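Observations on the three-dimensional arrangement
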Amino acid sequence: MFASKQTLKKTILLPAIALLAAACHAPEGYHAFQTLPADGWKRADTLRFTLPRQTQTQPCQYAVEIRHHGCYPYRSLWLLVSHNTADSLTFHTDTIECTLVDKYGHFDGAGVNDLYQKSFPLPAVILQENTAPTFKIVPFMKDRQLEGISDVGIRLTPATQHP
């Protein structure tokens, strides 16, 4: 009977330990939002997202995510998105158009009641080991104060390997 208990423990415990060990080493992503003031997003207000120090060099997919209310007055939101993933002193900036309305004039993000959310994928980046990269997002619109945008966020996920 003693041998069968040992066998049973090995049969159950070894796979469970292996599964836990694999889960501990799974690559992590980063996802964060910043809530904007209720009175609007000022043209000069820069949102900053500073990632934790990277323990390894890793390619990542990333996206900007927008939450907005049904009162947002435009079809699109233009943004300047900058990051210093190559080195700490040099920021690479992209101008992106976030189209929030479909061709029929309806908000096309996921939403409930009066709040919608939509994700806008951007080109992959490589996060360098021993860096704490910063992503900056600024509205690139004519309005001095942009109303109807609730939250802005970024999502980074480890890039998948394709054979």
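Preceding this section is the structure that the text describes.
A quick note: this is a predicted structure, and the numbers were derived from the prediction, not measured.

1. Comments concerning the pattern of salt bridges
In the structure shown here, the tally under the stated rule is four salt bridges. We note a salt bridge from Asp108 to Lys118, for which the minimum N-O separation is 3.0 Å. Separated by ten residues along the polypeptide, Asp108 in the loop between β6 (92-99) and β7 (110-112) and Lys118 in strand β8 (residues 115-127) bring together distant segments of the chain.

2. A closer look at the sheet that holds β7
Within the open sheet, the five strands sit side by side as β1-β11-β4-β8-β7. Their pairing is antiparallel. Looking at the sheet topology across the chains shown, the edges are occupied by β1 (30-35) and β7. Going across the sheet, the axis of each strand differs from the next one's by a mean of 20 degrees, ignoring polarity. Strand direction decides the pairing type here: strand β4 (residues 58-69) and β8, joined by eleven bridges, are antiparallel. Residue pairing in the sheet places Pro59 in a bridge with Ile126 of β8.

Rules and cut-offs
- Residues numbered from 1 in each chain as written.
- Predicted model: local features only at pLDDT ≥ 70, side-chain atom pairs only at ≥ 80, totals over all residues.
- Heavy atoms only, no water.
- Salt bridge = Lys/Arg side-chain N within 4 Å of Asp/Glu carboxyl O.
- Helix = DSSP H or I, 4+ residues; strand = E, 2+ residues; numbered from the N terminus.
- Pairing = 2+ DSSP bridges.
- Axes fitted to C-alpha atoms, helices over the stretch in contact; angles between N-to-C directions.

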